[in-house]
Amino acid sequence: MRVGARKMSNPTRPKVPATATRPDDVFTLAAVLVAAGERGLLNADELAVLRAGYAARRDALAAAHRNRGEDASAFVSPLEVIADFRFASRNPKREWLDEEELSRAFADYAGIAFTRIDPLKLDARTLASIISKPFAQKHLVVPIRLEGRRLVAAMVNPFDKHAIHNLEHATGYAIEPVLGLRSEILKTINEIFAFERSLQKAEKQRSADVDLGNLEQLVEVTAGDADNSDKHVVRAVDLLMQYAFDQRASDIHIEPKRERSIVRLRIDGRLHDTHSIPKQVYPGFVSRIKIMSRLDIAEKRRPQDGRIKIAYKDSEVELRVSTVPVAFGEKVVIRIFDPTILLQDITSLGLTPEQRGSYESLLKRPHGIILVTGPTGSGKTTTLYSSLQCLASPEVNIVTIEDPIEMVHEPFNQIAVQESVGISFANALRSVLRQDPDVVMVGEIRDAETAQYAVQAALTGHLVFSTLHTNTAVGAVTRLVDLGIERFLIASTVIGLVAQRLVRLICPACAELSVVSEETLAALGVSGAELDLSRVRRGAGCEKCRKTGYFGRAAAFEVIEVTDPIRIMIRDGADESEIVRTARKNGAEPLMSNAIRKLLSGRTTADEILRVIPAAW
Ligand SMILES: [Zn+2]
């Protein structure tokens, strides 16, 4: 192997104490190679490849940046060039020696901080007002937070004294430069400036004294995109939606306040503040969303519901919009329905092979009632839709009655409950039974009448799916008794009981081995002596998971087949605990044990299980 003879082969290590003024030449290939070499990131072969191909690779990257319309004069970082070689990483969690791994090593070497950018933590309005977009693009810098008179700025080249000086001059703040990833800095520049500029332009053009309650103004808004200020509002709404999809949000909350309105996103079950909207723009913003969802924009005093379909990447995302008047205007909540989550193959729901065997045998039955239990947000709809999808074929008439329809899916005949015009679960179900259905899904059984029709449907040869808000699977039997259904009717119609909960999954990017205390195991109802705890993990918290340690969710299940012994117990009024005992003897795994599998395989944590499943269930 030939070791390059150029001077970088034996570079002198530039000593850069954290506090000293940073020399301009610190960010060179030679310095990066020393940093990477000292930390064992590159071997001699890789160094040789790098030296031979570096200049060509750097020029190709610069050309690619120009072709994408990025600032031609912007700095090309040696970190980005080396990452482009895709050398093997010594870190098993990384696919290759990427810009982040190199950046961390170099930042450590050069005595400067490295940061990933969490877009949810940025105050876009303030930051966008501090510097201009062209400046940010030219110097590849994005302000990330203000600390008193100090502005922390992520830069591709945090050693660029000239840019730092300009930034200090332009903003009046002392700049603390930190090293960031090029791709992240560019993406953040685009996001904060695009959304804020749309809002600012709309704000400027829609002067504060326009009364949006008056009809003329409403007509103007209805007229749509011709008006310039509407164009900016339209763009801001589009950007907000794209942003919410990118962040995997399940809900967007837009809440009017006295001065500015706030936008919050729900991600993995938790809300995060993300944007704010000036009050002059807010009515236009809400009107735009109402127009998109075909709501009556003149009606502001009554709650309304609507839906929107939006193209995102290769698929269509369905949004359900609801508006409710609150103190300072209309509060809008947009629920995002991701078809890839709502409609799954039965095999990917998360059932164990035994549970799937039981559940699939239930789906093959010609008639009977299958009840799925759990609180709101436990993934029941996914289980129901996925079951119906599994049964859907041209020979089968599937009818759903929902309040409201969560996702429109063509193979199903879907009916929305509308109490205001007299369509309730019960009378919709009564009408449906005259329409020759094979399979009926009733969104929820919450009154005696619906329960009676569901039983009648099963007795007359239909397969019926529904949900009940009970804590346990067997609790569904007690609930039906409470709703006045005779025990012998429950025994002869209910064929399966399912309980489920969603647990957050450990973020794969920051997962690390962990331990569980004996107390925690005791709370879970198990003992460490019986379990293999070697794969138990936790999420340390990183930018990808917004420091929560969790990313995505999966369901834990309990599936109980109503077998002959259980049927007899239901008929004879046995109490819940006896029925549960018999189900366990038949092999039904408790919800808790099912969730503990995810703990033992390192996919979730004990804390998360205890949060969603109270002990002893
Ligand atoms: Zn993480």
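Above this text is the structure in question.
Criteria and thresholds
- Residues numbered from 1 in each chain as written.
- Predicted model: local features only at pLDDT ≥ 70, side-chain atom pairs only at ≥ 80, totals over all residues.
- Heavy atoms only, no water.
- Helix = DSSP H or I, 4+ residues; strand = E, 2+ residues; numbered from the N terminus.
- Donors = N, O, S within 2.8 Å, 3.2 Å for Na, K, Ca; no water.
- Tetrahedral: all angles 85-135°; square planar, octahedral: opposite > 155°, others 65-115°.
- Buried < 20%, exposed > 50% of the residue type's maximum accessible area, 1.4 Å probe, protein only.
- Pairing = 2+ DSSP bridges.
- Axes fitted to C-alpha atoms, helices over the stretch in contact; angles between N-to-C directions.

S.K.: What exactly am I supposed to notice about unusual backbone geometry here?
M.R.: For residues besides glycine, phi is generally negative; the peptide bonds are generally trans as well. Residue Pro404 follows Asp403 across a cis peptide bond; omega there is -10°. Topologically, Pro404 is positioned in the loop between strand E11 (398–402) and strand E12 (413–416). A positive phi is found at Arg86, a non-glycine position, where the angle reads about 50°. Summarising the element assignment, Arg86 is placed in the loop between helix H3 (78–84) and helix H4 (99–110). Despite not being glycine, Asp268 shows a phi value in the positive range, around 50°.

S.K.: So what exactly am I meant to see when it comes to the coordination of the zinc ion here?
M.R.: Note on metal sites: the ideal angle is 109.5 degrees for four tetrahedral donors, and 90 or 180 degrees for six octahedral donors. Coordination sphere of the zinc ion, protein contribution only: Cys507 (SG), Cys510 (SG), Cys542 (SG) and Cys545 (SG), at 2.3 Å. Around the zinc ion, the four donor atoms are arranged such that angles at the metal cover 108 to 111°; this shape is classified as tetrahedral. Read from N- to C-terminus, the donor residues coordinating the zinc ion fall into the pattern C-x2-C-x31-C-x2-C. One end of the pair, Cys507, is in the loop between strand E15 (494–506) and strand E16 (511–513); the other, Cys542, is in the loop between strand E17 (537–539) and strand E18 (550–561), and 35 residues separate them in sequence. Cys507 gets classed as buried once you look at its relative accessible area, which sits at 0%.

S.K.: Help me out: how do you make sense of the sheet that holds E11 in this one?
M.R.: Note: strands within a sheet are paired through backbone hydrogen bonds, in either parallel or antiparallel orientation. Overall, mixed pairing links the seven strands, which are arranged E12-E11-E13-E14-E10-E15-E18 in an open sheet. Unpaired on one side and paired on the other, E12 and E18 mark the two borders of the sheet. Taking the axes of each pair of neighbouring strands and ignoring which way they run, one obtains an average angle of 20° across the sheet. Two strands pair when backbone bridges link them, and strand E10 (residues 368–373) and strand E14 (residues 463–468) are joined in this way by six bridges, in the parallel orientation. Within E14, the residue paired with Ile369 across the bridge is Val464.

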